[in-house]
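Next come the chains, spelled out residue by residue.
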Amino acid sequence: MNPLFRIGYKRSLEGEDLYNVLPEYRSKTLGETLQRYWDEECLKASKDLKEPSLSKAIIFCHWKFYAALTLITFIEEATKLVQPVLLGYLLHYFETYDPNDYHGLQLAFCYAFGISLCSLLLAVMHHLYFHYQKVGMKIRVALCHMIYKKALCLSNSATGKTTTGQIVNLLSNDVGKFDELTIWLQALWVAPIQVAVVVALLWAEIGPSCLAGILVPIILMPLQTLFGRLFSMFRSRMAVLTDSRIRTMNEVVFGMRIIKMYAWEKPFASLVSRFRGEEINNVMKSSMLQALNLASFFSASKVIIFITFAIYVQLGNTITASSVFVTVSLYSNTATTVNLFFPRAIELLFESYVSIQRIQNFLMLEELPKCSDLVSQNNFSSSSTIPTETPVLASFPQSSLLSAILGELPLDKGVLKVKGQLTYACQQPWVFPGTIRSNILFGKELNPAKYEEVLRACALKRDMELLPDGDLTLIGDRGATLSGGQKARVNLARAVYLDADIYLLDDPLSAVDAEVGRHLFEKCICGILKDKPRILVTHQLQYLKAADQILVLKGGNVVAKGGYTELQKSGLDFTSLLKKEDEEEQQAMSEELARSRTVSSTSSPTVNDEAEQIPAEHTQTAVEESRLQGTIGMGMYYKYIRAGANVFVLLLLFVVNISAQVNQRDTVLMKQILQLNVFGTSKSFFKTCLHMCLGVIAKHYADVLSGLTAATLIFGLVRAMLFIYVLVKSTETLHKRMFNAILRTPVHFFDVNPIGRVLNRFSKDIGEVDLVLPWTFVDACQIALHMVGVIAVAASVVPWILILVVPLLIIFVFLRRYFLKTSRDIKRLERTTRSPMFSHLSSSLQGLWTIRAFRAEQRFQNVFDAHQDLHSETWYLLLCTTRWFAMRLDLLCAVFVIILTFACMSIRDDLGAGDVGLALSYAISIVGMFQWGVRQSAEVENLMISVERVMEYTELESEAPWETEKRPPLDWPSQGLVTFDGVNFSYSADGPVVLRNMNATFLPREKVGVVGRTGAGKSSLVSALFRLAEPQGKIYVDGILTSELGLHDLRQKMSIIPQDPVLFTDTMRKNLDPFSQHSDEELWNSLQEVQLKSVVEELPTKMETLLAESGSNFSVGQRQLVCLARAILRKNRILIIDEATANVDPRTDKLIQRTIRDKFRDCTVLTIAHRLNTIIDSDRIMVLDAGEIQAYDAPYTLLQDPEGIFYKMVQQTGQQEAEDLLASAKQVSPAVIVSQNGIRSIYILYNHISAFSCAIVYRVAAIVSIN
């Protein structure tokens, strides 16, 4: 360890400085070992028809090694009891001191040697507790491995019984209990045995008087057991509430973009605040129990000593120095074990029991059946396309079919057979944190030729060439750094790269524009996959003619199956979705597809050329987690404490602490007074009493001691409880500030920071600040104050003890400083290495179907194990460095005791028994408490890193205020006139400009379609309008400059139907109306409008039914309809539709479009769409390319320009589809069509008039168009 400390002292440690984890601590090894014991326990329990016990599995796995460690504990505890006995013999020598008694002197030196040997033995043996910590670490690592492995195997029904938040809580807080439990658990058997042995020793020393004193710990032990049960109850409640809070946080972070556009931050703040309030209430109750235990530790010994000697004197016994100090030393040992270690062990035992039950319940959830190669009842020997023929609001049967083939959906009846390996591209593109290459290869070896072929076929080649690191560019969590189109293409490329037998493609073309979609279909699906069976789910009906077979699904049943021509002649509803094409077009298409089936895409120059022509998109870069450096300054401590109390309360806390410490001088006073019986040194006694008790007369010592003892109890209790109250209030405040900062930070923060990184702060860091830091902080402060008082009193009685104490203190301070330079860095590394585990878990749960379809569970398990091994490297080093520090402290303390012991022997002629007893007994207690206090202070500084990390998130960059002094009129916007004036837009200050010099006007009640190739800046237009980042330039809504408004005033007045529908784990009512602004009638009417009323009425408690996590019990289309219902309820004049129909079937698309035309006829509507038939009937269409407006006019006008981008996009849909689009555009008769010159004139005019003139402007525009 010394080389590491030398490096850490010179500079900050980095990941490269860490040592590799030892083989016996690797996650895979430990996890598989415990998993084997758990499987055996489950098998045995199933035979006995009872529930398996995870506790038994853990015990059977580790009991041998742990039991061997009890021998070490027994020797250590025995040594602690032998030392006071030897001290008593040594004091007896001083009581009967005779300079000529050489035999007595030899025995005295033997006793001194024995005391010194005991000190050295304790210094060494105590740190064998390190092995207890290693056992705890092994259990934690093994359980984490098992929890993640179980998460990969959960069935669909089981995933509805748990949440990401619960699993994160299990991995962050529940498993962490074992790190501490294994250390303190020994106190459960040590405490009763120690009490019995101490009673025996004290009976020999002071007779039956000891029973009065020992009665206190005997009463406390069952009382603390009761506290433990209460603690368990509070912990159970707290765990459930923490699950709910973290689950909500997971949803908030995941859906932050939607929350901001809906301006729903306040409802979610209230929801999290409710969970947090109940959670902190239980934290406060459990912490108060800890405060009682701490107060009893510092006060019980005073009560015990007072009661014991009061009765001892009343029984007529004569007090001797040896009896006093032996009794005090034995009671001190007992008090530490019974009043500190035992209650802590009880707390952790009950806490761990709760955690084990929670983990066991998770491990008992239903798993997906392990099945061999599956295959469908229908053997698809060639490409098959499943069109959407689904009644609105029915579950998507085509996705259900794929689910059944994958084995994700259990069969009610019938047989499902599949022959060969499957691969799967999911409907909602899934990527995981890592490089683009790793996402595509997905664990397979790199074949350069095939890899290049896949990149070109999936239109990714151009993107890779423009990225700074090519395909080795890191992408963020949930692919936040990629556009929707890029994610879709990477998702498809992953499936294509795998050399599978059957390809299941669930609507991979919906997230890309027509040009890219056509490229993917021709060069990928019908290109390099031409010789493979493919089952394609698509809403792009123009591709149906290329299918060998088409399944028509309706109500979950196959109503028809056959080729394109066969189904056209069948007379089914299927034909109503299609337009009959002329024979010429069919023949041309057939020839083209024939060519695509016979020509290899890698050898075709056309493929290469077209792939190069596909425009590339900008990719953001994921950022590494920040890690502060240097010491934890006093300012951080002040911020932490100040967060929980005002100045008055802090002043009161200071006074109570000083008062409690002053009153704890009773022990020394009693010792001095009791020595009066033997030595009669009234002069020194009264001198001591003068400066200790402000002149209290000796004959009243009983009253003084009684008063001081009572005051010690009262002030000790008040001090501990007030201190804990302040610190718990601090963590409550810090969590609130951090959450508010998260809500107010720009959305770019969530694009570049993985969700696990954020959840790590809200789970592990907040967990430590909640439960560990207050107890440790109070303990360290009380010990520090106690030490100051003890040293002051001891120095006033035996001044020469300072000769040894002062150098020891200086060495301790230097050693602590040297230790903390390295320890802090390791602790910070330990915190940052936890985040990848949570990110990997969250990502894995999102892509569970894909992982299982690729049979990549073991590879993802290995990645998780690698993340955990990296964390274990830092954790193990943290244990080692702590032991390094503690070992040196204890050895220094042992040397101090040895020097002091033999110093007393060397000046034995000048010392009395009282002085020697006081010096040695306090030396032993000082050094023990001294090193514990220094270690606790170091632990506080390490734990303050969690506060530091929380504080870092409280100071995140904030977006504009939610409300400003300038408030818009209540009916704003009354017209819906939107103007962009020289707008440039970038998602971050150092990011690229994605919208350039945009000048455009959206007239009131106008329906505008926004189109462009993937990455053209369509969604950025929405982001600029909602000010998800602050745009440069000016945006006006009804004449009001939006940058002058509060964000909520702006966002609440615009409605959006997003591309990715987001539902939250709350009631349907709250998902529709989080502010409770609408009546039940309005809510039901909105559901009726989107044909969801019957679905919601079938739910168990209708509108009050709690939805599953992320609304997973609804289909994608149903979730999209809920978003439409939200827009209907808001009744805003401006509606933005961002790719809302990309993932829904044509019938749902038509429903949405019909509802929009009906319910939003008086609104300004901006529709972003890849499906050109969705926006072809718009009043005008805006064509974007590379962030600039290339064209902006009526659809029919745009189609008159053969060189225009829009014309080319229409032609790429196919001849028949293009003709249909042209006919639709020609039929459109918008209420207002304004020439570009007219728009420009009106725009100039508009900038000089007020919002009140909007209606006049609109009429002028109408007149201009008519003329």
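Residues numbered from 1 in each chain as written. Predicted model: local features only at pLDDT ≥ 70, side-chain atom pairs only at ≥ 80, totals over all residues. Heavy atoms only, no water.

UniProt annotates the protein under Subcellular location (unreviewed entry) with the comment "Membrane". (UniProt positions renumbered as here; feature names shortened; annotations may be inferred.)

A. Representation of the overall build of the protein in the model. Secondary structure summary: the protein contains 48 helices and 18 strands in total. Buried residues in the protein amount to 60% of all 1267 residues. Considering only contacts in the protein between residues 6 or more positions apart, those separated by 24 or more positions represent 84%. In the form shown here, the protein has an accessible surface area of approximately 49,000 Å², with 58% of it arising from carbon and sulfur atoms. (Helix = DSSP H or I, 4+ residues; strand = E, 2+ residues; numbered from the N terminus. Buried < 20%, exposed > 50% of the residue type's maximum accessible area, 1.4 Å probe, protein only. Contact = heavy atoms within 4.5 Å. Areas by Shrake-Rupley, 256 points an atom, 1.4 Å probe, with all protein chains shown as cover.)

B. Here's a closer look at helix α19 (residues 514–528). Counted at 1.5 Å a residue, the expected span for α19 with its 15 residues is 21 Å, and the 20 Å between its end C-alpha atoms agrees. Where α19 bends most, the angle comes to about 30°, and this point is Phe521. (Expected span 1.5 Å × (residues − 1). Bend = angle between axes of the 7 residues up to and from the residue.)

C. Representation of the packing of aromatic side chains in the model. Under the criterion given, the structure shown has 34 aromatic pairs. Aromatic pair Trp184 and Trp775: ring centres 6.2 Å apart, planes at 85°, arrangement edge-to-face. Separated by 591 residues along the polypeptide, Trp184 in helix α8 (residues 177–184) and Trp775 in helix α30 (residues 773–797) bring together distant segments of the chain. On the basis of relative accessible area, Trp775 is assigned to the buried category, the value being 9%. For the ring pair Phe985 and Tyr987, a centre distance of 5.1 Å and an interplane angle of 75° mean the geometry is edge-to-face. An identical accessibility class is assigned to Phe985 and Tyr987; each is buried. These aromatic residues form a ring-pair network of at least three members: Phe5, Tyr9, Phe814, Tyr818, Phe819, Trp884 and Phe885. (Phe/Tyr/Trp six-rings, centres within 6.5 Å; stacked < 30°, edge-to-face > 60°.)

D. How the structure looks around the nonpolar core. In terms of nonpolar packing, the biggest core is built from 260 residues, with Leu143, Tyr640 and Phe980 touching the most fellow members. For Leu143, the residues in contact, after removing those within four places along its chain, are Leu34, Leu54, Ile58, Val175, Phe178 and Ile359. Judged by nonpolar contacts, the second largest core, of 73 residues, contains Leu81, Met221, Tyr818 and Leu918. (Core = buried A, V, L, I, M, F, W, Y, C linked by side-chain atoms within 4.5 Å.)

E. Here's a closer look at the packing of helix α9 (residues 187–206) against helix α10 (residues 209–254). Contact geometry of α9 with α10 gives a least axis separation of 9 Å together with a crossing angle of 170°. With respect to α10, the element α9 is oriented roughly antiparallel. Across the interface between the two elements, Ala191, Pro192, Val195, Val198, Val199, Leu202, Trp203 and Ile206 from α9 touch Ser209, Cys210, Leu211, Ile214, Ile218 and Met221 from α10. (Axes fitted to C-alpha atoms, helices over the stretch in contact; angles between N-to-C directions. Parallel < 35°, antiparallel > 145°, perpendicular 65-115°, else oblique.)

F. Inspection of the side chain of Ser946 at higher detail. Topologically, Ser946 is positioned in helix α35 (residues 913–954). Its relative accessible area of 1% is what places Ser946 among the buried residues. Once residues lying within four places of it in the same chain are set aside, the contact partners of Ser946 are Asp765, Glu768, Val769 and Arg831.

G. How the structure looks around helix α46 (residues 1215–1227). Given a rise of 1.5 Å per residue, 13 residues ought to cover 18 Å, and the 18 Å separating the end C-alpha atoms of α46 matches this to within 8%. Taken as a whole, α46 has its buried residues at Gln1216, Ala1218, Leu1221 and Ala1225. Buried residues belonging to α46 abut α43 (1172–1175), α44 (1195–1198) and α45 (1205–1211).

H. Molecular detail of the environment of Arg1027. Positionally, Arg1027 belongs in the loop between α36 (1018–1025) and β12 (1032–1037). Since its relative accessible area comes to 3%, Arg1027 is described here as buried. With 766 residues separating them in the primary sequence, Arg1027 and Met261 have C-alpha atoms 8.9 Å apart. Filtering out sequence-adjacent residues up to four positions away, Arg1027 remains in contact with Glu959, Ala960, Thr1042, Ser1043, Leu1045, Leu1047, Leu1050 and Arg1051. Separated by 2.6 Å, the side chain of Arg1027 and the backbone oxygen of Thr1042 make a polar contact. (Polar contact = N/O pair within 3.5 Å; in protein donor to acceptor, adjacent residues only side chain to side chain.)

I. Spotlight on the sheet that holds strand β10 (residues 995–1002). Here four strands make up an open sheet; going across it, the order is β10-β9-β12-β13 and the pairing antiparallel. This sheet does not close on itself; its edge strands, each paired only once, are β10 and β13 (1040–1041). Strand direction decides the pairing type here: β12 and β13, joined by two bridges, are antiparallel. For Val1037, the partnering residue across the bridge sits in β13 and is Ile1040. Across the sheet, α36 touches β9 (978–985), β10 and β12, and the angle it forms with β9 is around 110°. (Pairing = 2+ DSSP bridges.)

J. Spotlight on the environment of Arg276. For Arg276, the position within the fold is in helix α12 (residues 265–314). In the structure, Arg276 is positioned 31 residues away from Arg245 in sequence and 6.8 Å away in space, judged by C-alpha atoms. Arg276 has contacts with Arg245, Thr731, Glu732, His735, Ile766 and Asp770, leaving out every residue within four places of it along the chain.

K. Inspection of the confidence of the model for the protein at higher detail. Confidence in the prediction for the protein averages 78 pLDDT; 83% of positions are at 70 or higher. When the criterion is pLDDT under 50, residues 371–396 qualifies, and its contacts beyond four places in sequence or with other chains add up to 96 contacts. This stretch, residues 665–700, has a pLDDT under 50; its non-local contacts, to residues over four places away or in other chains, come to 63 contacts. (pLDDT = per-residue confidence, 0-100.)

L. Main features of the sheet that holds strand β14 (residues 1054–1057). As summarised here, the arrangement of the six strands in space is β14-β15-β16-β11-β17-β18, forming an open sheet in which the pairing is mixed. Edge positions in the sheet fall to β14 and β18 (1188–1193), since each has one partner strand and no second. With direction set aside, neighbouring strand axes in the sheet form an average angle of 20°. Set on the sheet, helix α41 (residues 1116–1130) makes contact with β14 and β15 (1134–1138); between it and β14 the angle comes to about 170°.

M. Highlighting the pairing of β12. Note that β9 and β12 share five bridges and pair antiparallel. For Asn984, the partnering residue across the bridge sits in β12 and is Gln1032. The hairpin formed by β12 and β13 contains two residues between the paired strands, and Asp1038 there has a positive phi angle of roughly 50°.

N. Quick peek at the packing of α8 against helix α13 (residues 321–363). Interaxial distance between α8 and α13 falls to 9 Å at its minimum, and their mutual angle equals 140°. As the angle between them shows, α8 and α13 are arranged oblique. For the pair α8 and α13, the sense of crossing is left-handed. On α13, the residues touching Lys177, Phe178, Glu180, Leu181 and Trp184 of α8 are Phe341, Arg344, Ala345, Leu348, Leu349, Glu351, Ser352, Ser355, Ile356 and Ile359. (Left-handed = near helix turned anticlockwise from the far one by under 90°.)

O. A look at the pattern of salt bridges. For the structure on display, the rule yields 40 salt bridges. The shortest N-O distance in the salt bridge between Glu952 and Arg761 comes to 3.0 Å. In this pair, Glu952 sits in helix α35 while Arg761 sits in helix α29 (residues 755–771), placing the two residues 191 residues apart along the sequence. A single salt-bridge network, built from bridges that share partners, covers Arg245, Arg276, Glu279 and Asp770. (Salt bridge = Lys/Arg side-chain N within 4 Å of Asp/Glu carboxyl O.)

P. Expanded view of unusual backbone geometry. With an omega dihedral of -10°, the bond running from Trp972 to Pro973 counts as a cis peptide bond. Here Pro973 is to be found in the loop between α35 and β9. Positive phi values are uncommon outside glycine, yet Ala459 reaches one of about 55°. Looking at the element boundaries, Ala459 is found in the loop between α16 (448–457) and α17 (461–466). Although it is not a glycine, Asp1038 sits at a positive phi angle of roughly 50°.

Q. Structural view of the side chain of Thr776. With respect to the element layout, Thr776 can be found in helix α30. The class of Thr776 is buried, set by a relative accessible area of 3%. Aside from chain neighbours lying at most four places away, what touches Thr776 is Gln936, Glu939, Val940 and Leu943.

R. Examining the state of the cysteines more closely. On inspection of all chains with the given rule, the structure shows zero disulfides. Considering cysteine sulfurs only, Cys524 is the nearest to Cys458, which forms no disulfide, with 4.0 Å between them. (Disulfide = S-S within 2.5 Å.)

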